[in-house]
Structures are given as C-alpha cells and as structure tokens.
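Letter by letter, the chains look like this.
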Amino acid sequence: ILNVEQSPQSLHVQEGDSTNFTCSFPSSNFYALHWYRWETAKSPEALFVMTLNGDEKKKGRISATLNTKEGYSYLYIKGSQPEDSATYLCASSHSGRRALTFGSGTRLQVQP
Amino acid sequence: EAEVAQSPRYKITEKSQAVAFWCDPISGHATLYWYRQILGQGPELLVQFQDESVVDDSQLPKDRFSAERLKGVDSTLKIQPAELGDSAMYLCASSSSGQVTGELFFGEGSRLTVL
C-alpha cells in the first residue's frame, strides 16, 4: 500500500500571508502527482497535474513544484485570501498501480 | 460548465439496511471513479470503470459493496448491508481518459451516516 503524507494537517494564516504545504510520496516507480482544492460543501477541484522531475506549475497566486527523485511536492500560496480557505489534497500514481493514492490533506484557514 | 452529478447529497440509514448512490459523469467521459473518504483520511479508490468495464476494484469490499455502469454512462454504488464503519463521504469522479496524467472532475459527494 502506497503512503502519501501531507503536512501540516492544518494551518491558520492571516490574509496577505504567504504559505506552503508539503506532499511526500514514494519516489520509486513514480508516474504522476495531482493537487486538488476542496472547499467546504463543494466538489474537489483540480489545481495541477505534474509528471516531470523539476516541474513547476502556476495558477494565479498558487504554484507547485515537484521533486520525483526525493519524493516530494510543495504547494505555495502567495498573499493568501479568505477564499483560499479549503482543504488541499495531493495524490500520487505509480506504475505498479496506476490508481491515485491520496494524502489526508492540509486544511487551510485564512483569517481576514 | 459541465459537472459531475451525484445523489443523494446526504443519507442517514440504520445498520443492516441497503443504500445506493448514483453518479452521472460529465458527458463523454469514459472513465468513472468511486472514492470513499472517511473523516480525517484521504479519498480511497473503491472502483474504476472504463466505459462499462471495471478496471480496478481491488479495494472494493465485495461482500457488501457493488457497483455498476451498465451503459457506460451513469453509475450506481450499492451497500448491503450497511455497517457503522461505512459512514463516510462517497465521491464520484470522471475523466476524459483513463490516464492518471488527466485531471479528475469530482461531484459534490454523498455523505452517508450509518446509525
């Protein structure tokens, strides 16, 4: 069974703060890494899908990096806003079993 | 904007009862997934369909859970009999390809409480 770890479990920041979370996954047989944002009472929404070591992706104030050799990805939010409050999930896929394995998420609360 | 539809949003049932969840994926999406998320944990794949065929059901508790996608469009997930440990959010997702390099589109989920 693959183990995908996310840290921290939860985070409280003030509006305007920049923040980052970590997703750790097995480095062997890596195939893809997904990030999703899940707001309360809504459906999880894809942020990024990354496959290449060293990949960096950006969407507005949110960006992500990927290190497949050491098995981690960082998600950065610049200038957090209250609407960024959500649970951020990462999931990895490996060639042994292609199905995504999700971490338990990082719950972000941005105080106005 | 096209969405994945799920129903019911909330279901409360007593243990040993039967319960069913329905999912209608985005039109044209061949791949459909059912995930279960227990509070405090990440979503866990229960079953993956490619069109009407099951691709992966290795984590589906087959003694009580069943899933079907008869015409390769909408899908039903059934639990019979429900147990206390089945209380969870059941998420349906679809994608245009079966490749994990493609993003998943999720529904809002069905929250099950078993009393």
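Before reading on, note that the structure itself is shown above.
In this text, all values refer to a predicted model and were calculated from it rather than measured experimentally.

A. Spatial organisation of the nonpolar core. Of all hydrophobic cores here, the largest spans 22 residues; its most connected members are Trp35, Phe48, Leu75, Tyr88 and Leu108 of chain A. Going through the elements one at a time, strand E2 (10-14), strand E3 (19-24), strand E4 (30-38), strand E5 (45-50), strand E7 (62-67), strand E8 (72-77), strand E9 (86-94) and strand E11 (106-111) of chain A are the ones with two or more residues in this core. In this structure, Val19, Leu46, Ala82 and Ala88 of chain B belong to the second largest nonpolar core, which totals 20 residues.

B. Geometry of the pattern of salt bridges. Residue and element names in this part refer to chain B. Taken as a whole and judged by the stated rule, the model has 8 salt bridges over all chains. Here Arg64 makes a salt bridge to Glu83, at a shortest N to O gap of 3.3 Å. Placement of Arg64 in the loop between strand E6 (53-56) and strand E7 (65-68) and of Glu83 in the loop between strand E8 (75-79) and strand E9 (88-95) is noted, with a sequence separation of 19 residues between them. A single salt-bridge network, built from bridges that share partners, covers Arg64, Glu83 and Asp86.

C. Highlighting the interface of chain A and chain B. On the chain B side, the residues contacting the 21 residues of chain A number 22 residues. Both sides of the chain A and chain B interface together cover about 1600 Å² of buried area, and 62% of this is carbon and sulfur. The tally of links from chain A across to chain B stands at 2 residue pairs in polar contact (both at pLDDT 80 or more). Among the secondary structure elements, those contributing two or more residues to the side of chain A that touches chain B are E4, E5, E9 and strand E10 (97-102) of chain A. Looking at side-chain class alone, the side of chain A that touches chain B contains 12 nonpolar, 6 polar and 3 charged residues.

D. The arrangement of unusual backbone geometry in detail. With an omega of -5°, the peptide bond running from Ser7 of chain A to Pro8 of chain A counts as cis. Of the consecutive residues Ser7 of chain B and Pro8 of chain B, the connecting peptide bond is found in the cis state with omega at -10°. With respect to the helices and strands, the residue Pro8 of chain B is situated in the loop between strand E1 (5-7) and strand E2 (10-13). Of note, the phi angle at Asn29 of chain A is positive, near 55°, even though the residue is not glycine. Along the polypeptide, Asn29 of chain A turns up in the loop between E3 and E4. Judged by its relative accessible area of 52%, Asn29 of chain A falls in the exposed class. For Ala41 of chain A, which is not a glycine, the phi torsion comes out positive at approximately 65°.

Procedures and definitions
- Residues numbered from 1 in each chain as written.
- Chains lettered and ligands numbered in written order.
- Predicted model: local features only at pLDDT ≥ 70, side-chain atom pairs only at ≥ 80, totals over all residues.
- Heavy atoms only, no water.
- Core = buried A, V, L, I, M, F, W, Y, C linked by side-chain atoms within 4.5 Å.
- Buried < 20%, exposed > 50% of the residue type's maximum accessible area, 1.4 Å probe, protein only.
- Helix = DSSP H or I, 4+ residues; strand = E, 2+ residues; numbered from the N terminus.
- Salt bridge = Lys/Arg side-chain N within 4 Å of Asp/Glu carboxyl O.
- Contact = heavy atoms within 4.5 Å.
- Buried area = accessible area lost by both parts, 1.4 Å probe.
- Polar contact = N/O pair within 3.5 Å; in protein donor to acceptor, adjacent residues only side chain to side chain.
- Nonpolar A, V, L, I, M, F, W, Y, C, P; charged D, E, K, R; others polar.

None of this, on its own, says anything about what the molecule does.
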